[in-house]
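# Per-entry structural report
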Amino acid sequence: MSIADNLRFFQAQLADTSCRLVTVTKTHPVEKLQEAYDAGARLFGENKVQEMAAKQPALPADVEWHLIGRLQTNKVKYIAPFVHTIQSIDSLKLLQEIEKQAAKHQRVVRGLLQFHIADEETKSGLSLAEAQLLLRSDAYRALPHVQLTGVMGVATNTPDETQLRREFQELRGYFEQLKAEFFANQPEFREISMGMSADYRLAIAEGSTLIRVGSAIFGARSYGVAS
Ligand SMILES: *Cc1c(COP(=O)(O)O)cnc(C)c1O
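Residues numbered from 1 in each chain as written. Predicted model: local features only at pLDDT ≥ 70, side-chain atom pairs only at ≥ 80, totals over all residues. Heavy atoms only, no water.

For the rest of this paragraph, the subject is the overall build of the protein. Summing up its helical and strand segments, the protein has ten helices and eight strands in all. Its C-alpha atoms give the protein a radius of gyration of 17 Å, near enough to 17 Å, the size a compact globule of 227 residues would have. When the backbone C-alpha atoms are referred to their principal axes, the protein occupies close to 50 × 45 × 35 Å. Taken over 227 residues, the protein has a buried fraction of 48%. Restricting the contact set of the protein to residue pairs at least 6 apart, pairs at least 24 apart contribute 60%. Summing over all exposed atoms, the protein offers an accessible surface of approximately 10,900 Å²; the carbon and sulfur share of this is 50%. Seen as two clouds, the 26 positive and the 27 negative side-chain charges of the protein have centres 4 Å apart. (Helix = DSSP H or I, 4+ residues; strand = E, 2+ residues; numbered from the N terminus. Rg over C-alpha atoms; globule rule 2.2 N^0.38 Å. Buried < 20%, exposed > 50% of the residue type's maximum accessible area, 1.4 Å probe, protein only. Contact = heavy atoms within 4.5 Å. Areas by Shrake-Rupley, 256 points an atom, 1.4 Å probe, with all protein chains shown as cover. Lys, Arg positive; Asp, Glu negative; His and termini not counted. Charge placed at Lys NZ, Arg CZ, Asp CG, Glu CD.)

Right under this line is the structure:
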């Protein structure tokens, strides 16, 4: 199956849903990204700042770049000129740096709050209580160049469907709670980013609006030396 075939498969899967595809392009060369673009992909997800910044100039300007990996504050400046959505926001400090860098470019950068839903210590993200504290703070209200548009989470790497559903439901619950408490009058707050190659079907069934799919489109990634 070619990249175009795989994209057509996902486009068909999503046709009657309100869920969109983020094509996860990390580790793949720009030729592959162009191939995906030519087959209709527009939302691209990368997890490393330098890699995204290096690829961005080679692709058409209407690509929506989504950062899906952990972001250090000192690297925000490299993507602030073009990034569409930072999906991995997990602190006020990071929001404040995005504000500062986005303001320099007179842009509004969108962001998702990343939640910890997996049962693995290594996966990062906020708790609901931490997110509520952040959103209630005066400092949060002073960020005109950042717009929060929803939530993101990475589920446990497990074949256990009951557990996966529980984690997706948990994230959706956080979304509903924050929507009611802080974003009731903001239709832009509407994204629930969950689901990857292995678990996107369940994620869509549980209300995902953005699935992040890499290997099911491009094949396995190689992180090796000579790749
Ligand atoms: C790599 C990555 C994905 C895509 O994973 P696949 O299993 O290749 O679909 C999705 N989300 C995040 C946060 C990732 O880092």
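If you look at the biggest cluster of nonpolar residues, it comprises 60 residues, and the most contacted ones within it are F44, I79, L113, F115, L148 and L178. Examining the composition of this core, we find that six residues originate from one element, helix α8 (residues 161-182), more than from any other. Excluding its chain neighbours within four sequence positions, the residues that come into contact with F115 are S124, G125, L126, S127, L128, A131, V151, M152, G153, L171, Y174 and L178. (Core = buried A, V, L, I, M, F, W, Y, C linked by side-chain atoms within 4.5 Å.)

For T27, which is not glycine, the phi torsion reads 75° and is therefore positive. Tracing the backbone shows T27 in the loop between β1 (20-24) and α2 (30-38). Positive phi values are uncommon outside glycine, yet Q106 reaches one of about 50°. Along the chain, the position of Q106 falls in the loop between α5 (92-104) and β5 (109-115).

The next point concerns the side chain of E167. Examined against the element boundaries, E167 turns out to sit in helix α8. Of the side chains bearing the opposite charge, R166 lies closest to the buried E167, which forms no salt bridge; the N-O distance is 5.6 Å. Among the polar contacts listed, one links the side chain of E167 to the side chain of T156, at a separation of 2.6 Å. When sequence neighbours within four positions are dropped, the list of residues in contact with E167 reads I117, A118, D119, A155 and T156. (Salt bridge = Lys/Arg side-chain N within 4 Å of Asp/Glu carboxyl O. Polar contact = N/O pair within 3.5 Å; in protein donor to acceptor, adjacent residues only side chain to side chain.)

Running from amino to carboxyl end, helix α6 (residues 128-136) crosses α8 at an angle of 20°, the nearest separation of the two axes being 11 Å. With respect to their mutual orientation, α6 and α8 come out roughly parallel. Here α6 runs over α8; the crossing is right-handed. Contacts between α6 and α8 involve L128, A131, Q132, L135 and R136 from the first element and Y174, Q177, L178, E181 and F182 from the second. When its residues are assigned to classes, the contact of α6 with α8 shows six nonpolar, two polar and two charged. (Axes fitted to C-alpha atoms, helices over the stretch in contact; angles between N-to-C directions. Parallel < 35°, antiparallel > 145°, perpendicular 65-115°, else oblique. Left-handed = near helix turned anticlockwise from the far one by under 90°. Nonpolar A, V, L, I, M, F, W, Y, C, P; charged D, E, K, R; others polar.)

Here we take up the layout of surface pockets. The space that makes up the largest pocket amounts to roughly 760 Å³. K123, V154, A155, M196 and R212 are, among the 32 residues lining the largest pocket, the residues nearest its centre. Among the secondary structure elements, those contributing two or more residues to the lining of the largest pocket are α8 and α9 (200-205). The leading source of residues in the lining of the largest pocket is α9, at three residues. Looking at the lining of the largest pocket residue by residue, the class counts come to eleven nonpolar, twelve polar and nine charged. (1 Å grid on protein atoms, 1.4 Å probe; cavity = no way out; pocket = protein on both sides within 12 Å on 5 of 7 lines; lining within 4 Å. Points joined across faces, edges and corners; volume = space filled by probe spheres on them.)

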